[in-house]
Amino acid sequence: MTDITEKFFELLRYVINEDCIAPQIEPDDWEPIYDMARKQSISGIVFESVQRMGPDVTIPRQLKMKWFFLVNKIKNRNMLLNQRCVELTEMFQQDGFDSCVLKGQGNAMMYPNPFLRSSGDIDLFVMKRGEATSINERRDLLMSYVRNKFPHMGIRYQLICYDVFPDVPVGIHFFPTFMNNPLNNHRLQTWMEKQMTEQCQNLVELPNGVGRIAVPTMTFNMVFLLAHMMRHFFDEGIGLRQFMDYYYLLRKAKDKIGMGKGELEGLFRHLGLWKFTGATMYVMREVFALDDDFLIAPVDERRGRTLLEEILRGGNFGHYSGLRAHSTGGKYFAKVWRNLHFAREYPAEALCEPVFRTWHFFWRLKHS
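A brief structural summary.

Rules used throughout
- Residues numbered from 1 in each chain as written.
- Predicted model: local features only at pLDDT ≥ 70, side-chain atom pairs only at ≥ 80, totals over all residues.
- Heavy atoms only, no water.
- Salt bridge = Lys/Arg side-chain N within 4 Å of Asp/Glu carboxyl O.
- Helix = DSSP H or I, 4+ residues; strand = E, 2+ residues; numbered from the N terminus.
- Buried < 20%, exposed > 50% of the residue type's maximum accessible area, 1.4 Å probe, protein only.
- Phe/Tyr/Trp six-rings, centres within 6.5 Å; stacked < 30°, edge-to-face > 60°.
- Pairing = 2+ DSSP bridges.
- Contact = heavy atoms within 4.5 Å.
- Core = buried A, V, L, I, M, F, W, Y, C linked by side-chain atoms within 4.5 Å.
- Axes fitted to C-alpha atoms, helices over the stretch in contact; angles between N-to-C directions.
- Parallel < 35°, antiparallel > 145°, perpendicular 65-115°, else oblique.

Focus on the pattern of salt bridges
Then comes step 1: Enumeration according to the criterion identifies 23 salt bridges in this entry.
Then comes step 2: Residue arginine 117 pairs with aspartate 245 through a salt bridge whose shortest N-O separation is 2.8 Å. Note that arginine 117 is positioned in the loop between helix 5 (104-108) and strand 2 (122-128) and aspartate 245 in helix 9 (residues 240-253), a separation of 128 residues in sequence.
Then comes step 3: The buried category is assigned to aspartate 245, whose relative accessible area is 2%.
Then comes step 4: Linking glutamate 265 and arginine 269 is a salt bridge whose minimum nitrogen-to-oxygen distance equals 2.9 Å. Of the two residues, glutamate 265 and arginine 269 are both situated in helix 10 (residues 261-271); the distance of four residues between them amounts to about one turn of the helix.
Then comes step 5: Using a relative accessible area of 27% as the deciding quantity, one classes glutamate 265 as partly exposed.
Then comes step 6: Salt bridges sharing common partners tie together Arg285, Glu286, Glu301 and Arg305.

Notes on unusual backbone geometry
Then comes step 1: The phi torsion at lysine 103 lies on the positive side, around 55°, for a residue other than glycine.
Then comes step 2: In this fold, lysine 103 is placed in the loop between strand 1 (97-102) and helix 5.
Then comes step 3: Non-glycine residue asparagine 208 carries a positive phi angle of around 65°.
Then comes step 4: Along the polypeptide, asparagine 208 turns up in the loop between strand 6 (203-205) and strand 7 (212-214).

A short note on the packing of aromatic side chains
Then comes step 1: Scanning the model with the defined rule gives 30 aromatic pairs in all.
Then comes step 2: Between phenylalanine 233 and phenylalanine 276, the ring centres sit 5.9 Å apart and the planes meet at 45°, which makes this aromatic pair tilted. Linking phenylalanine 233 in helix 8 (residues 218-233) with phenylalanine 276 in helix 11 (residues 274-286), this pair joins segments that are 43 residues apart in sequence. Across the pair, phenylalanine 276 and phenylalanine 233 agree in class, each one buried.

As for the pairing of strand 4 (residues 159-162)
Then comes step 1: In the sheet, strand 3 (residues 154-155) pairs with strand 4 via two bridges, with the strands oriented antiparallel. Opposite isoleucine 155, over in strand 4, you have isoleucine 160 as the bridge partner.
Then comes step 2: The turn linking strand 3 back onto strand 4 is made up of three residues.
Then comes step 3: With four bridges connecting them, strand 4 and strand 5 (residues 170-173) associate as antiparallel partners.

Description of the environment of valine 50
Then comes step 1: Looking at the secondary structure, you find valine 50 in helix 3 (residues 43-52).
Then comes step 2: Measuring from C-alpha to C-alpha, the distance between valine 50 and aspartate 35 comes to 14 Å, with 15 residues separating the pair along the chain.
Then comes step 3: Not counting residues up to four positions away in its chain, the partners in contact with valine 50 are Trp30, Val57, Ile59, Lys64 and Trp67.

Re the nonpolar core
Then comes step 1: Grouped together as the largest cluster of nonpolar side chains are 89 residues, with contacts concentrated most on Leu12, Trp30, Trp67, Tyr246 and Phe288.
Then comes step 2: In terms of residues, this core owes the most to one element, helix 8, which gives ten residues.
Then comes step 3: Leave out the neighbours within four places in its chain, and leucine 12 touches Ile42, Ile45, Val46, Ser49, Leu240, Met244, Val287 and Phe288.
Then comes step 4: Judged by nonpolar contacts, the second largest core, of 33 residues, contains Leu124, Met143, Tyr157 and Val164.

Observations concerning the sheet that holds strand 2
Then comes step 1: As summarised here, the arrangement of the five strands in space is 1-2-5-4-3, forming an open sheet in which the pairing is mixed. Bordering the open sheet on either side are strand 1 and strand 3, each of which pairs with just one other strand.
Then comes step 2: In the sheet, strand 2 pairs with strand 5 via four bridges, with the strands oriented parallel. If you follow leucine 124 over to strand 5, its bridge partner there is isoleucine 172.
Then comes step 3: Of the strands in this sheet, strand 1, strand 2, strand 3, strand 4 and strand 5 are in contact with helix 6 (residues 135-149), which crosses strand 2 at around 110°.

A word on the packing of helix 1 (residues 3-16) against helix 3
Then comes step 1: Two elements in contact, helix 1 and helix 3, have axes whose closest approach is 8 Å; the angle formed by their N-to-C orientations is 75°. Put simply, helix 1 runs roughly perpendicular to helix 3. Counting all contacts with helix 1, which are made through Phe8, Leu11, Leu12, Tyr14 and Val15, the residues of helix 3 involved are Ile45, Val46, Glu48, Ser49 and Arg52.

So, the side chain of threonine 217
Then comes step 1: Looking at the secondary structure, you find threonine 217 in the loop between strand 7 and helix 8.
Then comes step 2: Once you skip the residues sitting within four places of it in the chain, threonine 217 turns out to touch Glu198, Gln199 and Asn202.

Shape is all these values report; function is a separate question.
Here it is as structure tokens:
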């Protein structure tokens, strides 16, 4: 780990933990720290550390102004997405659908300042109100509903993407997430199906009186967010923003979820998530200095080091890993080669990933 990386982690710990003292950072260190924060999509959170350090901070004025304007952009984007989430859920509600906002603006509500979390698109799980439908029935119903209003849509295994708003990408989910291994995926879908009615009823009030949306419960997010991170780890990569979400979830969920550590372990093992859970706890401890009392699994140092290396190398959703520079065919084989390196640590997911991706390619051709 480089000196800059360690100083970057110290800044993170300083802003999320009031007991940590301000790190000593030289003027020449700020530019690479800014680049790391932007690469990991946590610029707003890290800048809060700069603000807390007071007027004696050594950050160059020009860089501080650039960072300041970026953070204001993040805040404005969050306000826009909050408004769009309310509009989107109301739109579906009027047409007889219940919904739940996944990740994004719901995760931001766990932060001390929800406007500092870098936002992306809107992911909305949708189900017909009062009707117990299967995943396939829900997919057919939503495809028909969306096509009537937006003929030009993109479809993936778990969601429909379409331009309902000119300024915010939207994904309408048939189910929240999935796994590459067929058996684990079946178990995950079975577990999530039993939980979704409750998730659509878990309402929260968004800041500034914008309105209310449904978001996942802490118990559901314990599984869902972990499975989501694991899936992206085997796709193109995952960054610190998602692990910071999980950090705040663990801090808030202690003694407030409906399962004890033993029951959680049994569920994670059943779903094939246990190894990745141990790696995630390593990141929680090494990056965020999370107390052992909040960890939900033993720390897996070997898998954790591999995970942290990938996080630092690829950045948010692997944008800096180099995979996106390949052509479609080149990317396919580059991903296969990348995931073969993880086969020893996660054989079920790593070896099933290229098989699933090949199947998904032909599935999309059929349903487009």
